[in-house]
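Descriptive analysis of the structure
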Amino acid sequence: MMYNVVIIGLGNISLLYDYDNPGVTWTHARALSEHKGFNIIAGIDPDKSNRDLFVNAYHHNAYSSLALFLEENKDIIDVMVIASPTDSHVTAYETLMANRYGKQCKLVLMEKPVASNVSELNQLINRSSDAPVIMVNLFRLFQGHLNVYLERLSKSRIFDIQVNYSKGLLHNGIHFFTLLNKYFGECGSYTKIEGLNTEAFKFSFSQCDAIFKSYTDEIDDNSMIIKSDIGSLYYLNGGRHSFFVDTCHNKFEFDVNDFNHYQKYVYQAVKVELDNERISKHRDESFTLACDAQEILSRCEGII
């Protein structure tokens, strides 16, 4: 079955990250255009230059606002991708729900963080119970080898977990927090580590502790190292260099496609979700994990 999709926001993660790089699939537009199960109806962005790039690359209509699109569009919309700035996520979602498309829409794929503060987050959580299911684009939840090894590690004895994040704990640290929450249990407490020349926190998950340390924003390096009694996982440079080393020092490289085409795997999961007839009957795991993480990480960063 083919599903109609509209993309709200035509910035980096929707359009620009892979615009001049045909060998990777890092954006919503590229992943959707390459998947036979989706049909892009339009893109929406107030920036004319981004709209022009979108039209030039993908040959679909582009609108300057969601209101204008809703006024002019006649097609049924199955999926709405909300990839606009964070402070507009809830507004876009509520606008959709107030329109006839809210009743037709089957699924909303939303960028993280899902809301700009905890109050908006709670509003979204309460609203989502009677609306289309929300998935969150935490793409590392859908990377094959990473999740296979995390599942194995969840059954081992963990010695140490170190996470580096840049550009904010809530913006990028959330990727690693949600992975650890999924595989090592809920975060019961956290403490800020004092005396360092950078921001750092210790998070206590059910099975282990993890140290999160801010990296310089001048270098985009989001990494995670987990050491255990069965070996060590190295997820480096955002996932560009990832491997597992067992206790006999054998090295197992992750499939390079896990990173080079990470957005493709997200839409494979979206397609399964749409096809399996559970839509609107449950809360997606990615949304639950994203909300749990945002509540804690917002407190860490003083966003209330």
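Everything that follows concerns the structure shown earlier in this document.
So, here is what we can say about the structure in this document. From a predicted model like this one, the values you see are computed outputs, not experimental measurements. (Residues numbered from 1 in each chain as written. Predicted model: local features only at pLDDT ≥ 70, side-chain atom pairs only at ≥ 80, totals over all residues. Heavy atoms only, no water.)

1. Section: the packing of aromatic side chains
Note the cut-off: Each pair of aromatic rings taken from Phe, Tyr and Trp, with Trp reduced to its six-membered ring, is defined by centres within 6.5 Å and is described as stacked if the planes are under 30 degrees apart, edge-to-face if over 60, and tilted in the remaining cases. A helix here means a DSSP run of H or I that spans at least four residues, while a strand means a run of E at least two residues long, and both kinds are numbered starting from the N terminus. Type-normalised accessible area, obtained with a 1.4 Å probe on protein chains alone, sets the label of each residue: buried when under 20%, exposed when over 50%, and partly exposed for intermediate values.
As enumerated under the stated definition, the model contains 19 aromatic pairs in all. A ring pair is formed by tyrosine 3 and phenylalanine 38, whose centres lie 6.3 Å apart and whose planes are at 40°; its orientation type is tilted. One end of the pair, tyrosine 3, is in strand β1 (residues 3-8); the other, phenylalanine 38, is in strand β2 (residues 38-44), and 35 residues separate them in sequence. Each member of the pair, tyrosine 3 as well as phenylalanine 38, carries the same accessibility label: buried. On the numbers, 5.6 Å between centres and 75° between planes, the contact of phenylalanine 38 with tyrosine 267 is edge-to-face.

2. Some details on the sheet that holds strand β4 (residues 79-82)
Stated precisely, the cut-off is as follows: Pairing between two strands requires that DSSP report at least two bridges joining them. Axes here mean lines fitted to C-alpha atoms, for a helix over just the part in contact, with angles spanning 0 to 180 degrees between N-to-C directions.
The six strands are arranged β3-β2-β1-β4-β5-β6 in an open sheet whose pairing can be described as parallel. What marks the edges here is a single partner per strand, and that holds for β3 (61-63) and β6 (133-136). Geometrically, the sheet is characterised by an average inter-axis angle of 25° between neighbouring strands, direction not taken into account. In this sheet, β3 lies alongside β2 in parallel orientation, the contact comprising three bridges. Bridging across to β3, glycine 43 finds its partner in alanine 62.

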